[in-house]
Structure formats: C-alpha cells, structure tokens
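# Report on the structure
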Amino acid sequence: MKRIPLRAIVPLGLAVALTVGPLGAPATAQATVPITLTGASATSPSADVTIAGRAVTITAPGTYEISGTLNDGYLNVDTAASGAVNLILNGAAISNSSNAPLQVADADEVVITLAAGTTSRLSDATRYVYPDPNTDEPDAALFSKSDLRINGSGALIVQGNAYDGIVSKDGLIIESGTITVNAVDDGIRGKDFLDINGGTIDVTAGGDGIKSTDSDVDRGRLTITNGSVRVNAGDDAIKGENTVAISGGTVTVTNSFEAIESRQITISGGTVNVTARDDAINAVEDGYGDFDVAPNAFVRFTGGTTLVNSSIDGIDSNGSVTFAAGTVVVSGPATGSPGEGAIDSNGPVYFNGGTVLGAGSTSMAVLSLPPTSGQGWVAPQLSSSQPAGTLLHLVSGGQVLVSYRAPKNFREVVFSSNRIQHGQTYEVYVGGSLTGTTTGGMATTGGSIAGANRLMTVVAGQYRGGLVGWPPGGPGWPPPPTPTPTTPPPPNPTTPPPNPTTPPPSTRGCTATYSVTNQWQGGFQGEVQVTAGSSPITGWRVTWTFANGQTITQAWNATISASGSAVTATNVSFNGSLGAGGRTTFGFLGSWNGSNTTPTLTCTAT
C-alpha cells in the first residue's frame, strides 16, 4: 500500500482547480464525474467508473459526485495510480446485505466531502460473506485501506450492523460535517491515527466508541482539537493505543466501561464530560503490573474543563497524574475498596495549578502522597459516608472557598486551588445554601454556611489515607510483623533450674479466623488472622475450601496457591515465627458471584 501524507484537498463547487506556473496562469480544470445510483445499479459517463450490476468501482484519481440510492450493492475505490480520489456524497444512500457499502481497496488517499444541505446513508450487512476463510475484510460499513479524510457541511449516517461503523487501516481525519454512527462493535477507528478537527460526531457502539490502534511509537494517536464529539459505548469510549490529546471542542461520554484510555492522556482545552462504569480516565502501559509504576504512562491536565463520573476510579494512572491548569471535578466511587478513589495513581500526583475537586469513598488512592511544594491541596476525610445531595463547604476565616453539592454518596474530598496554602487549617461544613451555577456540582462562589453544621478542621498538605499497607508496595509496606511476647526474665538464681532430662509440656499449633473486610459487586477483600497456640511456632500453613466458586486475585503477607476451590496459604519470611499466643494477619483480594460465604479454616504449625 502506497503511503503519502494526508494533505488538504478542497473541492470547489463541482471541480478542483489545479494552479500551475509562477504567475498563477489559468489552471486546467478537472471536471467532476457524476455517478448516479439508480436503485439496482448506477450510471456514469466516465470510463474510470466500472459498473457491473450493483457493483460500482472507481479506477482512477479524480473528483466524483455520488447521488441517488443503491440497494444491496457497493461503491468501491480501487486505483493504483498516484493522486487523490475525491468523493462528494450528495444525498447518496447505499446498503449491502453481504458486505460493506463503501469500500476503498487502494488509493493514495480518499477525501469524502458531505455536500451541504444533504444527508447520505451507509448500511452494511448483518453477516458478511467473504470469498474464502482467510479473508476478514472489509469489516465496517465505511471501510478504507488508505488514508481517509472526511469534510463538508452535510450529514452522514452510518449503520454498522455486523462489525464497525467507519474504519481506516491507515490514518483518518474528520474535519467537519455531521456524522452519526451506530455500530455493533467499534464506532470509528483509524489505525495509524484518528484526528478530529471539527464537525458534530455522535457515536453509539457496542464495543469501543472512537479509537486508534497502531502500537508503533509514532502512531496510535487520537486527537480532538475542535467540534462536538458524543459517545455511548459498551466498552471504552475514547481510546488511543499510545496517546489521547484533547485540546478543544466538546467531548461527552454518556456511557462506557472506561471513558478515556491510553498510555498518555493530555487534556489542554475544551469541555470534557465523561461517565464510566469502571475507571473514567485511565493511563496504562503494557508490560507493567497493577501496582507497578509505569515510567511512560501519565494523565495531564493543562487547560479546559473536565467533569468525571465514575463507578470505580475517576482518574487512574499507572504512572503519574499532573494538574497544571484548567478545572477538573471528579465524582468517584460511592463505595469500594481502599484501592479505588477519585484520584488513583501508582506514581506521583502533582498539584501545580488549576482548580481540582475530587470526591468519593476514597479521595486519593495513592502509593505516595502528593508533594507540598506545589499548589496547596486539602483532603478532608469525614467520619461517615454522606448521601447524594449533601452540600459541603470548605471555609477559611469565615469565607467559603469552595462549595460542592454531591451527585452521589461520598466520604472523602480532595481540593486544590491557588486559594489553598499548605500548613493552613480549614473548616469543613455541611448544609447551608448555594446560589448560582455549578461545574460538576462545584462552585467557588455563591456558597453560604448560614445554618450549616461544622464537621471538622483539616490541615492542607496532610492526608491519612492513600494505600498505606495496601497493596504490596504502598508506603509502610510490608507492615511489621505482629510483636510477640518478650522472652521472660531468667529464673531467680535461688530457684533450681528445671530437670533438663524432662522436657516441658508443648502444645505446638495455631488457629486461624477468616473475615471479609470489604465487599463490592463481583469483588471483595478478605483477611485471615493466624494465632499461635500456647507454644512458639516457626511457621504456619492455613487451608480452606471455597464453597461458592470464589477466586483469589491478589494477596499480601502470605504465599497463596489454589487448586480449584482448595486454597493453601503459607507464611512469608517475616511473619512465620510467632511467640506463644502471638498473632499475624494476611490479606487478599478476590472475586465472587452470587454468594460469598465464609469458609472453614484449618491452621497447621510448621
């Protein structure tokens, strides 16, 4: 496949003017070729358009205007000649019951222009018929093996009944137009890159919404610089294999598993409003574990307004998170494990600028606390969960600095702005009133504590949460072993020592107790306490059998192996030796479905 850079090609009326000569001499005009779809076939005066029944093939570069309706057929671009193919869709409607209605098999590049005042429609098969078992393309209603650009002021409706809606196996640029995609699998996919520079785009997808999939270092990017993008996705909504960069426009994710995912995510402008059933904004790098610090992964906010609503983590980075400018408001998990929060980061979190508010069952699930050398931050932890609709105020010297009306339950809040000074004490109130507009429930003006209840004070730059002791690798990990009783003092010299030939009685052994310390839909956190018997032990092994198919996915303070439903846990180096009556604990994360009954444990001293 030939590759040349995508370049601007602007159809002027029904022709493209080619200007040559240093003085701008009169150009040779390239006539626009009409292709009229007639229902069961098509007509065209050009020898560069091959028509065989319901199959229409363009075999040379040029500008072609397509109008009319083609039922159960397709339009194909297949040319080895150099030069761009310009397709003007002028109210064209093409459907296909066995394949893709609009295909690009070969071309330097293809530009699709949506004619003003018209709506074109593409609808593919519910089940594709391929010529042989080794063929699996096309796999989208609008499918291109070449670079693809879409512009114009008209509208395009794409129905992907079997697979994807719009796909380019090279790069894809959307400059303008009103584009509506409804696809069984992915909505819009540009392999090398997907750049959205304008237009109004509405995607409903059973799989991912919009994505770029190439893993090469200089590709796999997804950028949004302008326009309006709305996505409802069954899986990830906005996904770039390497980078996602949003610098303008309006981006709305109404439903997704994860709303924005990439190795590197930068939001520098525009308005972003995303909702996710799992993590909303997720930076992840291949080759690193859940709790490893990924060196090249990051989420950065350098401008714009970002609103987040997540069921698990609001902002999750396996690397770092940086707030430098803009406004970010996160409504994170209402409930969950200590490892889930409004802001979750394996690496450092930097508050360097902007206005940030995050609320959830945990505000910051971090392995190290944010530094106090940058912009001030404060993280009050309330004594109990507050219900949706609660109005919370952060106050200094009687002045309300920020107010937050929570859209769902929360217990912790983190707030950072240039109005917060590290080391200063702030008061937290609930109740009172709030007038005026809010951004994601947050307002920096209009809050009043008249009639409110003062809950607590909090010092900026201090936070007792994070992942202290959780998970392995967090600060304070591993926890020190449970202290064992000190060795008793030597017997009184006047008391004769015991007869060395008569060993003292020994009841070497241990017991173990099991508890579920936290539980959420599909997952839970368990803890087992091991207690030595009346004599010291040098090691222990705990066994049990899950009765409901539970599985363990992560463990600490013990080595755990499983065979089916049977589980064996043995001590690690620092917690095997216990004095008489000494105790230690180990914990784990697990999954469950339906029931999560407590098993019976057996403890054996070694």
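I will try to describe carefully the structure that is included in this document. Computed from a prediction, not measured in an experiment: that's the story for all the values here. Note on numbering: residues in each chain are counted from 1, in written sequence order. In keeping with the model being predicted, local features are shown solely for residues with a pLDDT of at least 70 and side-chain atom pairs are shown and tallied solely at 80 or more, while totals for entire chains, interfaces and linings include all residues. With hydrogens and water stripped out, all remaining heavy atoms of the structure feed into the side-chain values.

### What about the pairing of strand 5 (residues 49-52)?
To be explicit about the condition: Think of it this way: DSSP has to see at least two bridges between two strands before they count as a pair. Strands are runs of DSSP state E lasting at least two residues, helices are runs of H or I lasting at least four, and both sets are numbered from the N terminus onward.
Pairing between strand 5 and strand 6 (residues 55-58): four bridges, direction antiparallel. When the bridges of strand 6 are listed, I51 appears paired with V56. Where strand 5 folds back onto strand 6 in an antiparallel hairpin, the turn is made up of two residues, including G53, whose phi is positive at roughly 65°.

### Quick word on the sheet that holds strand 43 (residues 399-405)
Here five strands make up an open sheet; going across it, the order is 47-43-42-45-49 and the pairing antiparallel. The sheet is open, and its two borders are formed by strand 47 (442-443) and strand 49 (453-459), each paired with just one other strand. Here four bridges tie strand 42 (residues 391-396) to strand 45 (residues 425-430), and the two strands are oriented antiparallel to one another. Considered in strand 45, the bridge of L392 is made with V430.

### So, empty space enclosed by the protein
So the rule is basically this: In this analysis a 1.4 Å probe is tested at points of a 1 Å grid over the protein atoms alone, and where it fits but cannot get out there is a cavity; an open set with protein on both sides within 12 Å along at least five of seven lines is a pocket; lining residues have an atom within 4 Å of a point. Grid points are joined across faces, edges and corners, and a volume is the space filled by probe spheres set on the points. Three classes are used, and their members are as follows: Ala, Val, Leu, Ile, Met, Phe, Trp, Tyr, Cys and Pro are nonpolar, Asp, Glu, Lys and Arg are charged, and the others, Gly among them, are polar.
Counted according to the given criterion, the structure contains one cavity of 30 Å³ or more. A volume near 40 Å³ is recorded for the largest cavity. Forming the boundary of the largest cavity are L357, V378, P380, L392, L394, V402, V413 and F415. When residues of the lining of the largest cavity are traced back to their parent elements, those giving at least two are strand 42 and strand 44 (410-416). Among the residues making up the lining of the largest cavity, the classes are represented as eight nonpolar, no polar and no charged.

### Observations concerning the state of the cysteines
What counts here: Our working definition of a disulfide is a cysteine sulfur pair at a distance within 2.5 Å. Relative accessibility thresholds used throughout: buried, under 20% of the residue-type maximum; exposed, over 50%; partly exposed, between the two (1.4 Å probe, protein chains only).
Scanning all chains against the criterion turns up one disulfide. Linked covalently through their sulfurs, C510 and C603 form a disulfide whose S-S length is 2.0 Å. Negative torsions about the S-S bond denote left-handed disulfides, and the value of about -105° found for C510 with C603 makes this one left-handed. Note that C510 is positioned in strand 50 (residues 510-520) and C603 in strand 57 (residues 602-605), a separation of 93 residues in sequence. As far as the burial class goes, C510 and C603 line up, both buried.

### Quick word on the packing of aromatic side chains
Filter applied, for reference: Between 30 and 60 degrees the pair is tilted, below 30 it is stacked and above 60 it is edge-to-face, where a pair is any two Phe, Tyr or Trp rings, Trp via its six-membered ring, whose centres lie within 6.5 Å.
All chains considered together, the criterion is met by 12 aromatic pairs. Consider the rings of F351 and W377, whose centres lie 6.4 Å apart with planes at 35°: the pair is tilted. With F351 in strand 37 (residues 349-351) and W377 in strand 40 (residues 377-378), this pair connects stretches of sequence that are 26 residues apart. Here the two residues F351 and W377 agree in accessibility, since each one is buried. Their ring planes at 25° and their centres at 6.0 Å tell us that W544 and F588 sit as a pair that is stacked. Of this pair, W544 sits in strand 52 (residues 540-545) while F588 sits in strand 56 (residues 583-591); the two residues are 44 residues apart in sequence, bridging distant segments of the chain. Both residues of the pair, W544 and F588, count as buried.

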